[in-house]
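# Fold and geometry: a report
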Amino acid sequence: MKNDLERLSRIIDNSQPCRYTGMVTKVTGFMIESMGPQAMVGELCKIFVPGKETPVQAEVVAIDGSRVRLITYGSAVGIQMGCQVVATGRSLGIPMSNSLLGRVIDSMGNPLDGKGPIGFGKKKSVFGTPPDILNRQMVQSPVETGVRSIDSLLTVGLGQRLGIFSPAGTGKTTLLGMIARNTQADINVIALVGERGREVGEFIRNDLGEEKLAKSVVVVSTSDTSPVCRVRGAYTAVTVAEYFRDQGKNVMLFFDSLSRFARAQSEIGLSIGEVPATRGYPPSVFTEMPKLLERCANSDKGTLTGFFTVLVEGDDRDEPISDSAEGFLDGHIILSRKLSEAGHYPAVDVLQSVSRSAVRVAPAILLKAAEVIKHHMAVYRDAEDLINVGAYNKGTNKAIDLAIDKHEIIDRFLIQDLKEKASFEESMDKAMAIAGVR
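Residues numbered from 1 in each chain as written. Predicted model: local features only at pLDDT ≥ 70, side-chain atom pairs only at ≥ 80, totals over all residues. Heavy atoms only, no water.

### Some points on the pairing of strand 16 (residues 303-311)
Within strand 16, nine of the nine residues are buried, which leaves the element mostly enclosed by the surrounding structure. Side chains Thr 303, Thr 305, Phe 307, Thr 309 and Leu 311 project from strand 16 onto one buried face, and the interleaved Leu 304, Gly 306, Phe 308 and Val 310 project onto a second face that is buried too. Direction of pairing for strand 12 (residues 161-166) relative to strand 16: parallel, over a ladder of six bridges. The residue bridging Gly 163 from the neighbouring strand is Phe 308, located in strand 16. Looking at chain direction, strand 15 (residues 250-256) and strand 16 are connected through six bridges and run parallel. Opposite Asn 250, over in strand 16, you have Thr 303 as the bridge partner. (Buried < 20%, exposed > 50% of the residue type's maximum accessible area, 1.4 Å probe, protein only. Helix = DSSP H or I, 4+ residues; strand = E, 2+ residues; numbered from the N terminus. Pairing = 2+ DSSP bridges.)

So, in structure tokens, the structure goes:
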């Protein structure tokens, strides 16, 4: 019976009573131009290539009269002038079911892990909408990440969107994996958008692990895929996260990276003739980003917490993508190259980081302890040059004296081994002991 239903569903999905067709007139990389078919922006089309049994999937990204511009999901090799383009009458949709758990899929929902087909499920469009703003669960409970520096000094709430801003090579993906392994969320959804192919397997095996993979869904669109693949990979991941959230689950979305999503959208915008607006980026980058981020929110049924990595140049966040992302997120964790080079892991720059939900979700005593510890850190940082060159004489300033006494203790507290998990209660107790508050 189940197999019959699956076959019937596939027949319905692939059927089209009225076929609108067009013809390829130009091929430029992943960008295809055609005369016709009658279609809408976001609609999937099939391009029939001579000698290929399976048509190439493409998405309509712009329409100018009878001229249609599409970007292929797969390779455009073999597509030539005169190839038939057939509109499907639908946008990208992913079959949703619990069979997705433990699987690695691409932006179209196809399995990449060699474990065979994914079970039957009702298709859900990737073009979803955010939950009703007045009927969402409030962000009012803390999330345990298992990372001391975050749980104690930058407490995150269920339903919060947090950015991890980092220069290349300072451990942002590793930190994501650490949180994914340690969190007590019901479901993890991991989006690897624009990543190098080598890093995907390494993340799954080394950073995530088999045990956590079993209750995770990994959506992959590597750097060599088309820009529409990378952008829709992001949408697919959010759609999967929404599906489990609306089952009443506590869901964590780990998104690596928002910068590569923005660059893929930039490629699409520039290829269809958008005029660059901000330092070379077309306007669509700054309209698509909030659409994506606003969907990462609690509903009236479950919670959806998001961690989004953002690549920055050096330690400078004054750049259009990171600056825009910071405005739409509910806080940011800054990873420092200086700390990373000093062997301080995770390389979280606590004084530059902020969790806007901490004041609502962290216990009052922990907020007090965090305030005291940050004060000691700030005083030490201001006097660090004098201390390092031996120009500071102990006894000159009581605040600096205390900061020096606490510096090594705080450093040991914040440094954490990759495989080490710290419970929320343990992190809280240690922070209170360092701060001297009860």
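### Here we look at the side chain of Ser 299
Relative to the assigned elements, Ser 299 resides in the loop between helix 8 (283-294) and strand 16. Ignoring sequence-local partners within four residues, the contact set of Ser 299 consists of Pro 131, Asn 135, Arg 136, Gln 137, Arg 245 and Asp 246. (Contact = heavy atoms within 4.5 Å.)

### Some thoughts on helix 13 (residues 398-414)
In this model, helix 13 (17 residues) spans 24 Å end to end at C-alpha, consistent with the 24 Å of a helix rising 1.5 Å per residue. Roughly 40 degrees is the biggest bend found in helix 13, and it falls at Lys 406. Among all positions of helix 13, only Ile 400, Asp 401, Ala 403, Lys 406, Ile 410, Phe 413 and Leu 414 are buried. In this fold, the buried residues of helix 13 make contact with helix 2 (148-153), helix 12 (364-388) and helix 14 (424-435). N-cap assignment for helix 13: the residue whose side-chain oxygen lies 2.9 Å from the backbone N of Ala 399 is Asn 397. (Expected span 1.5 Å × (residues − 1). Bend = angle between axes of the 7 residues up to and from the residue. Polar contact = N/O pair within 3.5 Å; in protein donor to acceptor, adjacent residues only side chain to side chain.)

### Brief notes about the sheet that holds strand 2 (residues 31-35)
Pairing is antiparallel in the closed barrel, where six strands are placed in the order 1-2-5-4-3-6. Averaged over all neighbouring strand pairs, the angle between strand axes comes to 45 degrees, with direction disregarded. Where strand 4 (residues 56-64) and strand 5 (residues 67-72) come together, six bridges link them in antiparallel fashion. What sits directly across from Glu 59, in strand 5, is Ile 71. (Axes fitted to C-alpha atoms, helices over the stretch in contact; angles between N-to-C directions.)

### A look at the nonpolar core
One finds Val 189, Leu 253, Phe 255, Leu 258, Phe 261, Leu 292 and Phe 308 to be the most contacted residues of the largest nonpolar core, which totals 52 residues. The element contributing the most residues to this core is helix 6 (residues 227-245), with 10 residues. In this structure, Val 189 is in contact with Val 217, Ala 237, Val 240, Ala 241, Val 251, Met 252, Leu 253 and Phe 254, ignoring residues within four places of it in sequence. Met 252, Leu 335, Met 432 and Val 437 belong to the second-largest nonpolar core, a separate cluster that totals 48 residues. (Core = buried A, V, L, I, M, F, W, Y, C linked by side-chain atoms within 4.5 Å.)

These figures capture arrangement, not role.
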